[in-house]
Amino acid sequence: HDLGRSLTRSQTCLALNDDKDKDAEKRPSVSEAEWSKITEKMGVVEMAGGRDGRYSDRFQYTIGALVALNAAFLGVDVDLNRPTEGGPSDGVKAALTAVESCFCAAWIVELAWRLKVERIAYFRDPLNLVDFCLVLAGVFAEWVTPLF
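Along each chain, residues carry numbers from 1 onward, in the same order as the chain's sequence is written. Owing to the predicted nature of the model, reporting of local features is limited to residues with pLDDT of at least 70; listing and counting of side-chain atom pairs is limited to 80 or more, with chain, interface and lining totals taken over all residues. The side-chain figures draw on all heavy atoms in the structure; neither hydrogens nor water molecules are used.

A. Spotlight on the side chain of E110. Runs of E in the DSSP output that reach at least two residues are strands. Runs of H or I that reach at least four are helices, and both are numbered from the N terminus. Residue position: E110 is located in helix 4 (residues 90-118). Should any heavy atoms of two residues lie within 4.5 Å, those residues are counted as being in contact. Ignoring anything within four residues of it in the chain, the contact list for E110 reads F59, I63 and D131.

Here's what the structure looks like:
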């Protein structure tokens, strides 16, 4: 159940105990260490400042910058490979392939890191499933297809 997936501990407790609950004070409390174990087992990701607390800002900004660079590169790649203009030279094609391979490698590293951190919980987020499929498609298009 994803009720507490994006809530902090206090928000989750408030959602579970409304103000009219007279027995709330009689319930046993949970320590921070116990709460961490519970949420980890459930695959709950606590939010801190509107972002996933498991990843640093540097990691998130780096991935965001790579996504922006990849998008710009794809635009250049499509522009250079217009069929009406004869296409790029062999040197430019080799450079484009090298850059595409670097982006593909970066996405594999990102995927591996996220899988290491989140484990099976990674696959519970639909956007992660899209990202996973995109990485697999990129690997297939960039490295597997040219073998045949």
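Now that the structure is up, let's keep going.
B. Region of interest: the nonpolar core. Of all hydrophobic cores here, the largest spans seven residues; its members are F73, L96, F103, W107, L111, Y122 and V135. When residues in this core are grouped by element, the largest group, four residues, is from helix 4. Residues in contact with Y122, not counting those within four places in the same chain, are L111, R114, L115, N128, D131 and F132. Here, nonpolar core refers to any group of buried Ala, Val, Leu, Ile, Met, Phe, Trp, Tyr and Cys residues whose side-chain atoms link them within 4.5 Å. Per-residue accessibility, obtained with a 1.4 Å probe over protein chains only, is compared with the maximum for each type, and a residue is labelled buried under 20%, exposed over 50%, and partly exposed between these values.

C. Summary view of unusual backbone geometry. One non-glycine residue, R119, adopts positive backbone phi at about 55 degrees. Tracing the backbone through its elements, the reader meets R119 in the loop between helix 4 and helix 5 (126-144). With relative accessibility at 61%, the residue R119 sits in the exposed group.

D. Structural view of the packing of helix 3 (residues 57-80) against helix 4. Axes here refer to lines fitted to C-alpha atoms; in helices the fit is confined to the stretch in contact. Angles between the N-to-C directions go from 0 to 180 degrees. Contact geometry of helix 3 with helix 4 gives a least axis separation of 11 Å together with a crossing angle of 150 degrees. When the axis of helix 3 is compared with that of helix 4, the two are roughly antiparallel. Judged by the sense of rotation from one axis to the other, the crossing of helix 3 with helix 4 is left-handed. Along the contact surface, helix 3 presents F59, Q60, I63, L66, V67, L69, N70, F73, D77 and L80, while helix 4 presents V92, L96, V99, E100, F103, A106, W107, E110, W113 and R114. Geometric relationships in this document are graded by angle, where less than 35 degrees denotes roughly parallel, more than 145 denotes roughly antiparallel, 65 to 115 denotes roughly perpendicular, and other angles denote oblique. Crossing handedness follows the turn of the near helix against the far one: under a right angle anticlockwise gives a left-handed crossing, and clockwise gives a right-handed one.

E. Representation of the packing of aromatic side chains within the structure. For this analysis, a ring pair means two rings from Phe, Tyr or Trp (six-membered ring only for Trp) whose centres lie within 6.5 Å, classed as stacked if their planes differ by under 30 degrees, edge-to-face if by over 60, and tilted for the remaining angles. This structure, assessed with the given rule, holds four aromatic pairs. With centroids separated by 5.2 Å and ring planes inclined at 90 degrees, the aromatic side chains of Y122 and F123 adopt a geometry described as edge-to-face. Residue classification places Y122 among the buried positions, given a relative accessible area of 0%. A centroid spacing of 5.3 Å and a plane angle of 80 degrees characterise the contact between F123 and F132, whose relative ring orientation is edge-to-face. Owing to a relative accessible area of 23%, F132 belongs among the partly exposed residues under this scheme. Chaining the aromatic ring pairs together yields one cluster made of F73, F103 and W107.

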